[in-house]
Amino acid sequence: MKPILYICREMPEEMVAPLREFYEVDMWPSTSEAVPREVLLEKVATATALWVVISDRIDQEVLDAAPELKIIVNMAVGYNHILVEEARARGIIVTNTPDVLTETTADLAFALLMATARDMMGAEKAMRAGKWTSWEPLGFTGVDVYGSTLGIIGMGRIGEAVMRRAKAFNMNVLYHNRRRKPGVEDMHGCRYATLETLLSNSDFVLVLVPFSEETKGIIGAEEIGMMKETAILVNVSRGGIVDETALFKALQSHTIRAAGLDVFEIEPLPMDSPLLTLPNITVLPHIGSATIKTRLAMISLNQKALLAFAKGEEPNHQVMK
Ligand code: NAP
């Protein structure tokens, strides 16, 4: 009897096929709809391996329902949707997909920063609606990116990749981490700052810390209040790090100029979210890593981790090993 692998989202058959030699593969048959909770709970009951995406919440209930589970492979670098410590306590390996998505996500972060600075979405929508009626001296004006100050909260893999882009735009870069990175400071000329200094001195604040109990809500009303009135907040990390209610109030009252969000507290963002009523916000449907090459590279890492596990080898990218 082969061990059972349950795949929570339809993956390309050429990636799944090599796994069939080692696993009895069962797969939720949709690329676009998440596996319903009751189906997940039923399927994990007999699964040895589980392949998840960020919309699959792997909590106590799921782990309790999965007595045979030995490995969870996760198609993301962030793993806050998985109760990793509990999984580890039960001897379950959890893997993720760092590195392969770093440059792609940095591209998106910088693109979102620029799109928000120049309100490209607003200008595009206005043009399609026939509102481009003449050249106006101060029509469709935004703020400069080139030469401004960028504050990166979470100077990790993606943070550093964004910083390199920012340097090509002659930006001053401040960053905040729990630990300083003197080597990065020396090589790129960025400067470490406390959170308060970063917030009050940056024209753009970019959030790139992982979601954790420590980072949940770290950008709330008080922190947004420290930002410049002209500043722009960009979050490409995870919803919940920025307090959406506080952000809504700040954007509505023009405490800050604008925000660019790729991630939200609830995803997909409900269509009745107050955020969608604001003109000074640019929203994207969590597409940081969404290029064909990168998504296939993420799938490939997960597939290799599953193959290694089946062969008794060390799976790649184990979280908190
Ligand atoms: P990473 O290399 O682990 O970098 C995270 C950085 O955050 C580290 O430098 C870490 O430094 C810092 N950090 C962690 N906790 C902190 C805290 N409490 N206060 C201040 N700094 C803290 O991770 P990455 O690969 O760059 O990815 C970052 C995040 O981006 C992921 O966790 C994921 O949530 C998100 N992401 C989103 C997308 C998307 O599609 N939008 C795609 C990929 C990744 P210290 O340990 O020194 O504090």
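For the structure, see preceding data.
1. Some points on helix α12 (residues 292–310)
Reasoning step 1: A rise of 1.5 Å per residue sets the reference length of α12, with its 19 residues, at 27 Å; its end C-alpha atoms lie 27 Å apart and thus fit the reference within 8%.
Reasoning step 2: Burial in α12 covers these residues: T294, M298, I299, S300, L301, N302, Q303, A305, L306, L307 and A308.
Reasoning step 3: On its buried face, α12 sits against β1 (4–7), α1 (13–16), β3 (49–52), β4 (71–74), β5 (93–95) and α5 (102–117).
Reasoning step 4: Following α12 by one or two positions, G312 has its phi on the positive side, about 80°.

2. Structural notes on a nonpolar patch on the surface
Reasoning step 1: A cluster of nonpolar side chains, namely M127, W132 and F140, defines an oily patch on the protein surface of about 390 Å² accessible area.
Reasoning step 2: Here W132 lies in the loop between α6 (120–128) and β6 (149–153).

3. Regarding the site of the ligand
Reasoning step 1: Neighbouring residues of the ligand: 25 residues in total, closest I158, R178, R179, V236 and D262.
Reasoning step 2: Contact distances for the ligand include 3.3 Å between an oxygen atom and a backbone N or O atom of G156.
Reasoning step 3: At a separation of 2.9 Å, an oxygen atom of the ligand approaches a polar backbone atom of I158.
Reasoning step 4: Computed on the free molecule, the ligand has an accessible area of 920 Å², of which 89% lies beneath the protein chains in the complex.

Cut-off values and rules
Residues numbered from 1 in each chain as written. Predicted model: local features only at pLDDT ≥ 70, side-chain atom pairs only at ≥ 80, totals over all residues. Heavy atoms only, no water. Helix = DSSP H or I, 4+ residues; strand = E, 2+ residues; numbered from the N terminus. Expected span 1.5 Å × (residues − 1). Buried < 20%, exposed > 50% of the residue type's maximum accessible area, 1.4 Å probe, protein only. Contact = heavy atoms within 4.5 Å. Patch = residues over 30% accessible without salt bridge, like charges linked within 9 Å, V, L, I, M, F, W, Y side chains within 5 Å. Areas by Shrake-Rupley, 256 points an atom, 1.4 Å probe, with all protein chains shown as cover. Salt bridge = Lys/Arg side-chain N within 4 Å of Asp/Glu carboxyl O. Near = heavy atom within 4 Å. Polar contact = N/O pair within 3.5 Å; in protein donor to acceptor, adjacent residues only side chain to side chain.

That's the geometry; what it means functionally is another story.
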